[in-house]
Amino acid sequence: MNCEDGKTYDEPGSCPVCNMDLEPMEIDESASSMKYFTQYSSKPEQLEAGKEAVMSFTPKIEGDEAAAVPLELVHEKKMHLILVSDDLSWFDHIHPEYQATGNYDIKALAKGASFAKGRGLNETRFEAGGKYWAFADFKPSGGLNQVNKIELNIAGTPAKAVKYSQAKMISAVDGYTLTLETGHTGNGLVSGVQQHIPISIQQGGKAVDPASFENYLGEKAHLVLIEVENKEYVHTHPSATGGKLDVHTTFAKPGTYRGWLQFQTNGVVHTADFVVKVAEGQHNAEEHSDHQGH
Ligand SMILES: [Cu+2]
(Lines give C-alpha, C1' and ligand atoms only; values in the text may rest on other atoms or scores of the structure.)
Protein backbone atom coordinates (compact mmCIF):
# COMPACT_ATOMS: atom_id res chain seq x y z
CA MET A 1 0.00 0.00 0.00
CA ASN A 2 1.18 3.51 -0.43
CA CYS A 3 -0.01 6.89 0.60
CA GLU A 4 0.05 9.94 -1.67
CA ASP A 5 3.57 10.75 -0.51
CA GLY A 6 4.77 7.54 -2.20
CA LYS A 7 5.73 5.88 1.06
CA THR A 8 4.85 2.23 1.42
CA TYR A 9 2.84 0.80 4.26
CA ASP A 10 2.27 -2.83 5.18
CA GLU A 11 -1.42 -2.51 5.85
CA PRO A 12 -4.30 -1.16 3.79
CA GLY A 13 -6.79 1.34 5.18
CA SER A 14 -6.35 4.91 6.25
CA CYS A 15 -4.30 6.88 8.71
CA PRO A 16 -6.08 6.65 12.10
CA VAL A 17 -5.28 10.29 12.87
CA CYS A 18 -6.11 12.25 9.70
CA ASN A 19 -7.95 9.52 7.72
CA MET A 20 -5.81 9.95 4.64
CA ASP A 21 -6.52 6.93 2.41
CA LEU A 22 -3.66 4.62 1.56
CA GLU A 23 -3.81 3.52 -2.07
CA PRO A 24 -2.72 0.22 -3.58
CA MET A 25 0.44 0.45 -5.69
CA GLU A 26 0.67 -0.41 -9.38
CA ILE A 27 3.93 -2.18 -10.04
CA ASP A 28 5.36 -3.94 -13.09
CA GLU A 29 6.27 -7.36 -11.63
CA SER A 30 9.34 -8.00 -13.81
CA ALA A 31 10.87 -4.57 -13.16
CA SER A 32 10.04 -4.65 -9.46
CA SER A 33 11.83 -7.97 -8.90
CA MET A 34 15.11 -6.61 -10.27
CA LYS A 35 17.86 -5.54 -7.97
CA TYR A 36 19.36 -2.15 -8.65
CA PHE A 37 22.47 -0.40 -7.49
CA THR A 38 24.16 2.89 -8.26
CA GLN A 39 27.64 2.83 -9.71
CA TYR A 40 29.66 5.80 -8.55
CA SER A 41 32.77 7.42 -9.99
CA SER A 42 34.40 10.84 -9.88
CA LYS A 43 36.93 12.97 -11.71
CA PRO A 44 39.40 13.31 -10.15
CA GLU A 45 39.04 9.97 -8.39
CA GLN A 46 40.04 11.44 -5.00
CA LEU A 47 37.73 14.28 -4.03
CA GLU A 48 39.17 17.14 -2.03
CA ALA A 49 37.44 19.77 0.08
CA GLY A 50 37.16 23.06 -1.77
CA LYS A 51 38.36 21.55 -5.06
CA GLU A 52 36.39 21.16 -8.25
CA ALA A 53 35.21 17.68 -9.29
CA VAL A 54 32.60 15.92 -11.38
CA MET A 55 30.75 13.08 -9.64
CA SER A 56 28.81 10.50 -11.66
CA PHE A 57 25.98 8.28 -10.46
CA THR A 58 24.78 5.50 -12.75
CA PRO A 59 21.78 3.28 -11.97
CA LYS A 60 22.53 -0.38 -12.83
CA ILE A 61 20.73 -3.72 -12.71
CA GLU A 62 22.47 -6.43 -10.71
CA GLY A 63 23.54 -9.21 -13.09
CA ASP A 64 22.84 -7.09 -16.18
CA GLU A 65 25.24 -4.22 -15.69
CA ALA A 66 25.42 -3.33 -19.38
CA ALA A 67 21.67 -2.61 -19.59
CA ALA A 68 20.49 0.97 -19.66
CA VAL A 69 18.19 1.85 -16.76
CA PRO A 70 15.61 4.41 -17.83
CA LEU A 71 14.24 6.42 -14.91
CA GLU A 72 10.82 7.90 -14.36
CA LEU A 73 10.32 11.51 -13.44
CA VAL A 74 9.50 11.66 -9.72
CA HIS A 75 8.82 15.08 -8.28
CA GLU A 76 9.95 16.67 -11.54
CA LYS A 77 13.37 14.99 -11.45
CA LYS A 78 14.81 11.66 -12.59
CA MET A 79 17.25 11.45 -9.73
CA HIS A 80 17.23 13.12 -6.36
CA LEU A 81 20.56 13.16 -4.58
CA ILE A 82 20.82 13.81 -0.86
CA LEU A 83 24.31 14.57 0.39
CA VAL A 84 25.16 14.62 4.10
CA SER A 85 28.30 14.77 6.20
CA ASP A 86 28.82 11.65 8.35
CA ASP A 87 27.79 13.54 11.53
CA LEU A 88 24.67 14.82 9.69
CA SER A 89 25.47 18.46 10.46
CA TRP A 90 25.65 19.28 6.75
CA PHE A 91 22.91 18.54 4.19
CA ASP A 92 22.35 19.19 0.51
CA HIS A 93 19.58 18.07 -1.85
CA ILE A 94 20.45 18.36 -5.51
CA HIS A 95 19.54 16.80 -8.86
CA PRO A 96 22.18 15.13 -11.01
CA GLU A 97 21.99 15.91 -14.72
CA TYR A 98 21.57 13.10 -17.25
CA GLN A 99 24.52 12.64 -19.60
CA ALA A 100 24.50 10.94 -23.02
CA THR A 101 26.84 8.33 -21.52
CA GLY A 102 24.01 7.12 -19.24
CA ASN A 103 25.26 8.56 -15.98
CA TYR A 104 23.81 11.33 -13.86
CA ASP A 105 26.38 13.96 -12.94
CA ILE A 106 26.84 16.61 -10.32
CA LYS A 107 29.62 19.12 -9.94
CA ALA A 108 31.50 19.84 -6.74
CA LEU A 109 32.55 23.47 -6.87
CA ALA A 110 35.91 24.91 -5.92
CA LYS A 111 36.19 27.15 -2.89
CA GLY A 112 34.94 30.63 -3.75
CA ALA A 113 33.37 29.60 -7.08
CA SER A 114 29.78 30.78 -7.40
CA PHE A 115 26.84 28.49 -8.02
CA ALA A 116 25.28 28.83 -11.46
CA LYS A 117 22.07 30.90 -11.38
CA GLY A 118 22.15 31.53 -7.64
CA ARG A 119 21.97 27.87 -6.78
CA GLY A 120 22.67 25.31 -9.47
CA LEU A 121 20.45 22.27 -9.29
CA ASN A 122 23.33 19.90 -9.91
CA GLU A 123 26.05 21.72 -7.99
CA THR A 124 27.31 21.32 -4.47
CA ARG A 125 30.42 22.19 -2.47
CA PHE A 126 32.34 20.21 0.13
CA GLU A 127 33.79 22.81 2.49
CA ALA A 128 35.46 20.29 4.80
CA GLY A 129 37.17 16.94 4.44
CA GLY A 130 35.98 13.67 5.97
CA LYS A 131 33.35 11.04 5.38
CA TYR A 132 30.12 11.94 3.59
CA TRP A 133 27.14 9.92 2.36
CA ALA A 134 25.21 10.25 -0.88
CA PHE A 135 21.69 8.86 -1.15
CA ALA A 136 20.66 8.38 -4.80
CA ASP A 137 16.86 8.32 -4.85
CA PHE A 138 15.26 7.23 -8.16
CA LYS A 139 12.55 5.08 -9.72
CA PRO A 140 13.41 2.82 -12.67
CA SER A 141 10.63 2.74 -15.31
CA GLY A 142 7.93 0.36 -14.07
CA GLY A 143 9.96 -0.56 -11.00
CA LEU A 144 9.99 0.31 -7.34
CA ASN A 145 11.54 3.43 -5.87
CA GLN A 146 15.22 2.87 -5.05
CA VAL A 147 17.51 4.52 -2.55
CA ASN A 148 21.19 3.67 -2.88
CA LYS A 149 23.60 4.79 -0.18
CA ILE A 150 27.14 5.63 -1.31
CA GLU A 151 30.05 6.44 1.00
CA LEU A 152 32.21 9.37 -0.07
CA ASN A 153 35.61 10.23 1.33
CA ILE A 154 36.77 13.79 0.87
CA ALA A 155 40.41 14.68 1.46
CA GLY A 156 41.11 17.80 3.46
CA THR A 157 40.73 19.17 6.97
CA PRO A 158 37.60 17.77 8.61
CA ALA A 159 35.16 20.01 10.49
CA LYS A 160 34.56 19.35 14.19
CA ALA A 161 31.92 16.61 14.40
CA VAL A 162 28.55 17.58 15.87
CA LYS A 163 26.82 15.09 18.19
CA TYR A 164 23.00 14.99 18.21
CA SER A 165 21.59 13.60 21.43
CA GLN A 166 18.79 16.03 22.31
CA ALA A 167 15.56 16.17 20.30
CA LYS A 168 15.00 19.38 18.35
CA MET A 169 11.30 19.68 17.57
CA ILE A 170 11.29 23.42 16.84
CA SER A 171 13.28 24.89 13.98
CA ALA A 172 13.65 28.53 12.96
CA VAL A 173 14.56 29.33 9.36
CA ASP A 174 14.35 32.54 7.31
CA GLY A 175 11.77 34.11 9.66
CA TYR A 176 9.61 30.95 9.90
CA THR A 177 9.26 28.80 13.02
CA LEU A 178 8.29 25.18 12.44
CA THR A 179 7.14 22.87 15.23
CA LEU A 180 6.85 19.10 15.01
CA GLU A 181 3.79 18.24 17.09
CA THR A 182 4.06 14.66 18.29
CA GLY A 183 2.26 15.22 21.59
CA HIS A 184 -0.98 13.66 20.32
CA THR A 185 0.61 10.20 20.22
CA GLY A 186 1.12 10.41 23.98
CA ASN A 187 4.42 8.62 24.18
CA GLY A 188 6.26 10.08 21.19
CA LEU A 189 7.42 8.37 18.03
CA VAL A 190 7.92 4.62 17.69
CA SER A 191 9.38 2.41 14.96
CA GLY A 192 7.55 -0.21 12.92
CA VAL A 193 4.13 1.46 12.87
CA GLN A 194 2.95 4.30 10.67
CA GLN A 195 3.49 7.59 12.50
CA HIS A 196 1.66 10.86 11.98
CA ILE A 197 3.55 14.07 12.72
CA PRO A 198 1.64 17.34 12.29
CA ILE A 199 3.89 20.37 11.71
CA SER A 200 2.70 23.88 12.54
CA ILE A 201 4.32 26.95 10.98
CA GLN A 202 4.50 30.47 12.33
CA GLN A 203 5.87 33.72 10.95
CA GLY A 204 6.11 36.81 13.15
CA GLY A 205 3.97 35.11 15.81
CA LYS A 206 1.16 34.34 13.34
CA ALA A 207 0.15 30.92 12.02
CA VAL A 208 1.07 30.32 8.38
CA ASP A 209 -1.03 27.90 6.33
CA PRO A 210 1.34 25.68 4.30
CA ALA A 211 -1.36 25.59 1.58
CA SER A 212 0.02 29.05 0.73
CA PHE A 213 3.50 27.62 0.02
CA GLU A 214 4.63 27.47 -3.59
CA ASN A 215 5.04 24.01 -5.03
CA TYR A 216 8.64 22.92 -4.72
CA LEU A 217 9.39 19.93 -6.96
CA GLY A 218 5.68 19.24 -7.17
CA GLU A 219 5.01 19.24 -3.42
CA LYS A 220 4.25 21.71 -0.63
CA ALA A 221 7.12 20.24 1.37
CA HIS A 222 9.78 17.53 1.28
CA LEU A 223 11.06 15.88 4.44
CA VAL A 224 14.21 13.77 4.58
CA LEU A 225 15.08 11.93 7.80
CA ILE A 226 18.38 10.10 8.34
CA GLU A 227 19.32 8.12 11.45
CA VAL A 228 22.62 9.27 12.98
CA GLU A 229 24.19 5.83 13.61
CA ASN A 230 23.01 3.48 10.85
CA LYS A 231 22.08 6.18 8.28
CA GLU A 232 18.61 4.69 7.82
CA TYR A 233 16.92 6.96 5.26
CA VAL A 234 13.32 8.18 5.05
CA HIS A 235 12.03 10.56 2.35
CA THR A 236 8.44 11.70 2.69
CA HIS A 237 6.14 14.44 1.45
CA PRO A 238 3.96 16.08 4.07
CA SER A 239 0.56 17.17 2.81
CA ALA A 240 -0.95 20.55 3.69
CA THR A 241 -4.17 19.86 5.64
CA GLY A 242 -6.12 21.98 8.08
CA GLY A 243 -3.51 24.71 8.28
CA LYS A 244 -0.64 22.34 9.07
CA LEU A 245 1.72 19.99 7.31
CA ASP A 246 0.99 16.31 7.94
CA VAL A 247 3.83 13.80 7.83
CA HIS A 248 2.87 10.15 7.49
CA THR A 249 5.75 7.76 7.65
CA THR A 250 6.99 4.51 9.13
CA PHE A 251 10.41 4.39 10.75
CA ALA A 252 11.84 0.92 10.07
CA LYS A 253 14.29 1.27 12.95
CA PRO A 254 14.40 3.15 16.24
CA GLY A 255 17.09 5.79 16.80
CA THR A 256 17.92 9.46 16.59
CA TYR A 257 17.05 10.94 13.21
CA ARG A 258 18.17 14.23 11.75
CA GLY A 259 15.38 15.78 9.68
CA TRP A 260 15.41 18.43 6.93
CA LEU A 261 12.13 19.92 5.79
CA GLN A 262 12.24 21.90 2.55
CA PHE A 263 9.56 24.28 1.30
CA GLN A 264 9.39 27.28 -1.02
CA THR A 265 7.97 30.78 -0.66
CA ASN A 266 8.60 33.79 -2.93
CA GLY A 267 10.87 31.70 -5.12
CA VAL A 268 13.22 30.83 -2.25
CA VAL A 269 13.70 27.28 -0.91
CA HIS A 270 13.90 27.12 2.89
CA THR A 271 15.44 24.22 4.80
CA ALA A 272 14.37 23.70 8.44
CA ASP A 273 16.37 21.13 10.40
CA PHE A 274 15.26 18.88 13.26
CA VAL A 275 16.39 16.07 15.55
CA VAL A 276 13.75 13.39 16.13
CA LYS A 277 13.90 10.53 18.64
CA VAL A 278 12.20 7.29 17.65
CA ALA A 279 11.73 4.60 20.30
CA GLU A 280 11.60 0.86 19.61
CA GLY A 281 7.98 0.06 18.71
CA GLN A 282 5.99 -2.99 19.75
CA HIS A 283 5.11 -3.62 16.07
CA ASN A 284 1.51 -3.41 17.15
CA ALA A 285 -0.79 -1.21 15.07
CA GLU A 286 -3.08 -0.61 18.06
CA GLU A 287 -0.41 1.50 19.77
CA HIS A 288 -0.78 4.32 17.26
CA SER A 289 -4.31 5.15 18.37
CA ASP A 290 -3.29 5.50 22.02
CA HIS A 291 -3.95 9.14 22.87
CA GLN A 292 -3.16 8.78 26.58
CA GLY A 293 -0.22 10.67 28.01
CA HIS A 294 1.96 9.41 30.84
CU1 LIG B 1 15.02 16.17 -5.07
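What counts, and at which threshold
- Residues numbered from 1 in each chain as written.
- Predicted model: local features only at pLDDT ≥ 70, side-chain atom pairs only at ≥ 80, totals over all residues.
- Heavy atoms only, no water.
- Donors = N, O, S within 2.8 Å, 3.2 Å for Na, K, Ca; no water.
- Helix = DSSP H or I, 4+ residues; strand = E, 2+ residues; numbered from the N terminus.
- Buried < 20%, exposed > 50% of the residue type's maximum accessible area, 1.4 Å probe, protein only.
- pLDDT = per-residue confidence, 0-100.
- Contact = heavy atoms within 4.5 Å.
- Phe/Tyr/Trp six-rings, centres within 6.5 Å; stacked < 30°, edge-to-face > 60°.
- Lys NZ or Arg CZ within 6 Å of the ring centre and 35° of its normal.

Undergrad: Describe in detail the coordination of the copper ion, supporting the description with residues and values.
TA: Around the copper ion, the donor atoms from the protein are His80 (ND1), His93 (NE2) and His95 (NE2), and they sit 1.7 to 2.1 Å away. The sequence motif formed by the donor residues of the copper ion is H-x12-H-x1-H. Of this pair, His80 sits in strand S6 (residues 79–85) while His95 is found in the loop between strand S7 (91–94) and strand S8 (97–98), placing the two residues 15 residues apart along the sequence. In terms of burial, His80 and His95 fall into one category: buried.

Undergrad: How would you summarise the confidence of the model for the chain if you had to cite specific residues and measurements?
TA: Mean pLDDT over the chain: 86, with 82% of residues reaching 70 or higher. Between residues 1–12, whose pLDDT stays under 50, and residues either more than four places distant or in other chains, the model counts 40 contacts. Predicted confidence for residues 285–294 stays below pLDDT 50, and this span has 18 contacts to residues more than four positions away or in other chains.

Undergrad: How would you explain the packing of aromatic side chains if you had to name every residue and give the values?
TA: Each aromatic ring pair is described using two quantities: the centre-to-centre distance and the angle formed by the ring planes. Applying the stated criterion to the full structure yields 10 aromatic pairs. An angle of 50 degrees between the planes, with centres 5.7 Å apart, marks the rings of Trp90 and Phe126 as tilted. In this pair, Trp90 sits in the loop between S6 and S7 while Phe126 sits in the loop between strand S10 (123–124) and strand S11 (130–138), placing the two residues 36 residues apart along the sequence. With relative accessibility at 24%, the residue Trp90 sits in the partly exposed group. Pairing Tyr176 with Phe263 gives two aromatic rings, centres 5.4 Å apart and planes at 90 degrees, and the pair type is edge-to-face. In this pair, Tyr176 is assigned in strand S14 (residues 176–180) and Phe263 in strand S22 (residues 255–265), connecting sequence segments 87 residues apart. Of the two residues, Tyr176 and Phe263, both sit in the buried class. Site record: aromatic cluster; members linked through ring pairs are Trp90, Phe126 and Tyr132. In this structure, Lys149 is placed above the aromatic ring of Trp133, and the distance from its NZ or CZ to the ring centre is 5.3 Å. Lying across the ring of Tyr164, Arg258 places its NZ or CZ 4.2 Å from the centre.

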